[in-house]
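The primary structure of each chain is shown beneath.
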Amino acid sequence: MNFHVFPAGRPRLGSVTLSIIVALYVLVLLNRSFWAQSLTVLAGQKMALLGLVVSLAAGFIALFVSFSVKYIMKPLLILLVVTAAAASWFMDQFGVIIDSDMIRNAAETTSAEAGHLLTPGFVIHMGAYALLPALLIGWVRIRHHSFPKKLAMNLAVILPALLVFAGAGLSHAGTYAFTIRQNREWFATLNPVMPIANAVAYLQKLRQERGVTVQPYGTDARVADAAAAAQRKPRVTIIVVGETARASSFSLGGYERPTNPELSRRDIFYFDKAQSCGTATAISVPCMFSGLGHDDYSHMGALERQNLMDVLVHAGIRAEWWDNNTGSKGVAARIPYKELYRSTDSRFCENGECKDAILLDQLDNWLSSVTRDSVLVLHQLGSHGPAYYARYPDEYRVFQPDCRSAEFSKCHRPEIINAYDNSILYTDHILATIIDRLKAAENHVAPTMIYMSDHGESLGEKGLFLHGAPWVVAPEQQTHIPFLLWLGKDAKAGIDLACMEKRKTEPVSHDNLFPTVLGLMHVQTEVRDASLDLYSGCLPKPTS
Ligand SMILES: [Zn+2]
């Protein structure tokens, strides 16, 4: 007899009442970022703000009551609460916007990276704002009615609520439309409506991308002096794809702290007006190698076509990718590829992540094995947050005190910046070491190195942290990236240095990577846009 397992103390609620309570709970308590922004963007417009509150309250009630159907009601309400609670944590803590690109980024991230986000603070937040309400929803007893009566009762709430929603919304429609145009990110924080809509959009894109066939690209590629290759040293270009390094924290670009002590003593070209294609790895990395360029880039467009690595292979060049990040995002799909981030080598790795020194470990071996023109991509973990402190070994704890937590609320902003700057200092060391190794190999190869970060990072400017803001509204810290080029003596011979010095000061972007690498490797193909090649344009014209 189980009748008395739940005593009469279990409260009974009408299904409509429960839906309204949950709707208002989500709207009020799990939308702090949205309301904080609303207060800012509608400052001084009291009636418009009131209209927004009334309209959204009515809209949420209409939406949540429409789920008020036996069997599906409780699971759906719980799902909405849990989604909104999780999204609100990242919005409120880091100021991130959960759009479909952000969801892609999260879906393609490694479990170790994701682990850093599951901090004690997050667990407590979820306990208080998701688990507790979910238990309450599960606990209360719902009075259900026959279907016709239920439908009538629901409609009796939904229809008037929709009228209020529309009426209040239309009362200041012009103001809202204008404000949204000026502040595109405003409604992106509306919880859980936007995260769910964006997750659906992401899943739709994913379904399209599944059936993709890759079109050949740049199959005409040839090394210009391939016939004479036996009479010269093999060319080697190392492409270092940085992670989350921002130009404003590079002393090479004018940052007042000495974050580039080693690189500043190397003979490099630093391009200080470089812009990223995206604000997240999952966009920037495929974009950089796609040859599409920022303006024409789409995730699907890049997947449908071969990329820089394939074009190099068409030209007869050995191309390889070593990854200490979260994968090549499909760029290395058809070339030799090493997943160094899965290593358990205790010299470099702990807790499922490896320091970037792992990229150097086999570099000398690789260099001594080079017998023909070769391009190697090294994909760093760089300055990936929020656990900046996990990126660098103890010798690089130069800026102190450094935040030793992935939870920013546990640290003061200067400590977060210290940890971030230490990670840049460590990247400085990694890049300088690669240059030194290449220099040491110059007796048998003709080396060059190109470094570009995938995107920047916000460190509390305008209250934002991390990255992934929609590109059009992204702060400069997320899109202004460090970009540098090192030329070995063979590559530098004959180059017009004044021409290079001038180029360094001009605006450049991820769009320059594809043609410049082809230029460095002397690859001729109709798919190379010579005007974006930062190297060949400064070589003397062939005099044949
Ligand atoms: Zn990234």
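No experiment lies behind these values; they were computed from the predicted model shown.

Colleague: So what exactly am I meant to see when it comes to the overall build of the protein here?
Modeller: The helix and strand tally for the protein stands at 19 helices and 18 strands. Dimensions of the protein along its principal axes, counting C-alpha atoms only, are 90 × 55 × 45 Å. Relative to its 544 residues, the protein shows a buried fraction of 54%. Intrachain contacts of the protein at a sequence separation of at least 6 include 77% that bridge at least 24 residues. Here the protein displays about 23900 Å² of accessible surface, and carbon together with sulfur accounts for 61% of that area.

Colleague: Explanation requested: the sheet that holds strand 7 (residues 318–323) in the structure shown.
Modeller: Sheets are built from strands paired through backbone hydrogen bonds, the pairs being either parallel or antiparallel. Spatially, 5-16-12-4-11-7-8 is the arrangement adopted by the 7 strands of the open sheet, whose pairing is mixed. The sheet is open, and its two edges are formed by strand 5 (268–270) and strand 8 (337–339), each paired on a single side. Each adjacent strand pair in this sheet contributes to an overall mean axis angle of 15°, direction not counted. As paired strands, strand 4 (residues 235–242) and strand 12 (residues 446–453) are joined by 8 bridges and run parallel to one another.

Colleague: Even after reading the chapter, I still don't get the sheet that holds strand 15 (residues 480–481), so can you show me in this structure?
Modeller: Strand order across the open sheet formed by 3 strands is 15-6-17, with mixed pairing between neighbours. At either end of the open sheet lies a strand with only one pairing partner, and these are strand 15 and strand 17 (508–509). Bridge count for strand 6 (residues 274–275) against strand 15 is 2 bridges, and the pairing is antiparallel. The residue of strand 15 that forms the bridge with alanine 274 is isoleucine 481.

Colleague: Explain the environment of serine 368 here, please?
Modeller: Its location among the elements puts serine 368 in helix 14 (residues 363–368). For the pair formed by serine 368 and valine 445, sequence separation is 77 residues and the distance between their alpha carbons is 8.9 Å.

Colleague: For this particular structure, what's the right way to read the pairing of strand 4?
Modeller: For a regular strand, the rule is simple: side chains alternate between the two faces of the sheet. Most of strand 4 is tucked away: 8 of the 8 residues are buried. Every second residue of strand 4 is oriented toward a common face, with Arg235, Thr237, Ile239 and Val241 on one face and Val236, Ile238, Val240 and Gly242 on the other, all of them buried.

Colleague: Mind showing me how you'd approach the side chain of threonine 479 here?
Modeller: One can find threonine 479 in helix 16 (residues 476–479). Among all residues touching threonine 479, those that are not within four sequence positions of it are Ala274, Gln275, Ser276, Thr279, Gly456, Trp471 and Ala474.

Colleague: Looking at this structure, how should I read the packing of helix 4 (residues 73–94) against helix 7 (residues 120–139)?
Modeller: Geometrically, a packed helix pair is captured by the angle between its two axes and the distance between the axes. Their axes nearest at 9 Å, the elements helix 4 and helix 7 cross at an angle of 165°. As the angle between them shows, helix 4 and helix 7 are arranged roughly antiparallel. Crossing of helix 4 over helix 7 shows right-handed handedness. For the pair helix 4 and helix 7, the contacting residues are Lys74, Leu77, Ile78, Val81, Val82, Ala85, Ala86, Ser88, Trp89 and Phe90 in the first and Gly121, Phe122, His125, Met126, Tyr129, Ala130, Pro133, Ala134, Ile137, Gly138 and Trp139 in the second. Of the residues in the contact of helix 4 with helix 7, the class split is 16 nonpolar, 4 polar and 1 charged.

Colleague: What's the story with the coordination of the zinc ion in this structure? I'm lost.
Modeller: Each donor-metal-donor angle in an ideal tetrahedron of four donors is 109.5 degrees, and each such angle in an ideal octahedron of six donors is either 90 or 180 degrees. Here the zinc ion is held by the protein donor atoms Glu243 (OE), Glu243 (OE), Thr281 (OG1), Asp454 (OD) and His455 (NE2), which lie 1.9 to 2.6 Å from it. Along the chain, the residues that donate to the zinc ion are spaced as E-x37-T-x172-D-H. Here histidine 455 lies in the loop between strand 12 and strand 13 (458–459) and threonine 281 lies in helix 11 (residues 281–290), a separation of 174 residues in the sequence. Histidine 455 shares its class with threonine 281; the two are buried.

Colleague: I'm lost on the domain arrangement of the protein in this one. Help?
Modeller: For interface size, the figure often reported is the accessible area lost on association. Per the domain assignment, the segments of the protein are domain 1 (12–208) and domain 2 (234–380 + 417–538). In this structure, domain 1 and domain 2 have C-alpha centres spaced 40 Å apart. Contacts between domain 1 and domain 2 engage 19 residues on the former and 21 residues on the latter. Roughly 1600 Å² is buried in total at the junction of domain 1 and domain 2, and carbon and sulfur atoms are behind 61% of that figure. Area buried by domain 1 at its contact with domain 2 is led by Phe94, Asn105 and Glu108, which between them contribute 28% of it. Between domain 1 and domain 2 we count 0 salt bridges in total. In this structure, the connection of domain 1 to domain 2 is made through 2 residue pairs in polar contact (both at pLDDT 80 or more). Elements supplying a minimum of two residues to the side of domain 1 that touches domain 2: helix 4, helix 5 (100–107) and helix 6 (111–117). Class assignment for the residues of the side of domain 1 that touches domain 2 results in 5 nonpolar, 7 polar and 7 charged.

Colleague: Before we go on, may I ask you to explain the state of the cysteines in this structure?
Modeller: In protein structure, a disulfide is the covalent linkage between the sulfur atoms of two cysteines. With the rule as written, the count across this model stands at 4 disulfides. Residue pairing for cysteine 349: its cysteine sulfur links by disulfide to cysteine 354, the two sulfurs lying 2.1 Å apart. Where cysteine 349 bonds to cysteine 354 through sulfur, the torsion about that S-S bond is close to 105°, and the disulfide is right-handed. Each member of the pair, cysteine 349 as well as cysteine 354, is classed as buried. Covalently, cysteine 499 is tied to cysteine 538 through a disulfide, its sulfur atoms 2.0 Å apart. Residues cysteine 499 and cysteine 538 share a disulfide whose torsion about the S-S bond is about -70°; that sign makes it left-handed. Residue cysteine 499 is found in helix 18 (residues 497–504), and its partner cysteine 538 is found in the segment after strand 18 (523–524); the two are separated by 39 residues along the sequence. Of the two residues, cysteine 499 and cysteine 538, both sit in the buried class. Disulfide connectivity for the protein, with bonded cysteines indexed by sequence position, reads 1-2, 3-4, 5-6, 7-8.

Colleague: Looking at this model, I keep getting lost on the pairing of strand 7. Mind explaining?
Modeller: Within strand 7, 5 of the 6 residues are buried, which leaves the element mostly enclosed by the surrounding structure. Relative to strand 11 (residues 374–379), strand 7 is paired through 6 bridges, and the arrangement is parallel. Paired with alanine 319 across the strands is valine 375, a residue of strand 11. Relative to strand 8, strand 7 runs parallel, the two being bridged by 3 bridges. Paired with aspartate 323 across the bridge in strand 8 is glutamate 339.

Colleague: Can you help me understand the confidence of the model for the protein in this one?
Modeller: Regions with low pLDDT should not have their predicted coordinates read in detail. Confidence in the prediction of the protein, expressed as mean pLDDT, is 92, and 98% of residues score 70 or more. Segment residues 1–6: pLDDT under 50, and 0 contacts once partners within four positions in sequence are set aside and those in other chains are kept.

Rules and cut-offs
Residues numbered from 1 in each chain as written. Predicted model: local features only at pLDDT ≥ 70, side-chain atom pairs only at ≥ 80, totals over all residues. Heavy atoms only, no water. Helix = DSSP H or I, 4+ residues; strand = E, 2+ residues; numbered from the N terminus. Buried < 20%, exposed > 50% of the residue type's maximum accessible area, 1.4 Å probe, protein only. Contact = heavy atoms within 4.5 Å. Areas by Shrake-Rupley, 256 points an atom, 1.4 Å probe, with all protein chains shown as cover. Pairing = 2+ DSSP bridges. Axes fitted to C-alpha atoms, helices over the stretch in contact; angles between N-to-C directions. Parallel < 35°, antiparallel > 145°, perpendicular 65-115°, else oblique. Left-handed = near helix turned anticlockwise from the far one by under 90°. Nonpolar A, V, L, I, M, F, W, Y, C, P; charged D, E, K, R; others polar. Donors = N, O, S within 2.8 Å, 3.2 Å for Na, K, Ca; no water. Domains from an automatic or database assignment. Buried area = accessible area lost by both parts, 1.4 Å probe. Salt bridge = Lys/Arg side-chain N within 4 Å of Asp/Glu carboxyl O. Polar contact = N/O pair within 3.5 Å; in protein donor to acceptor, adjacent residues only side chain to side chain. Disulfide = S-S within 2.5 Å. pLDDT = per-residue confidence, 0-100.

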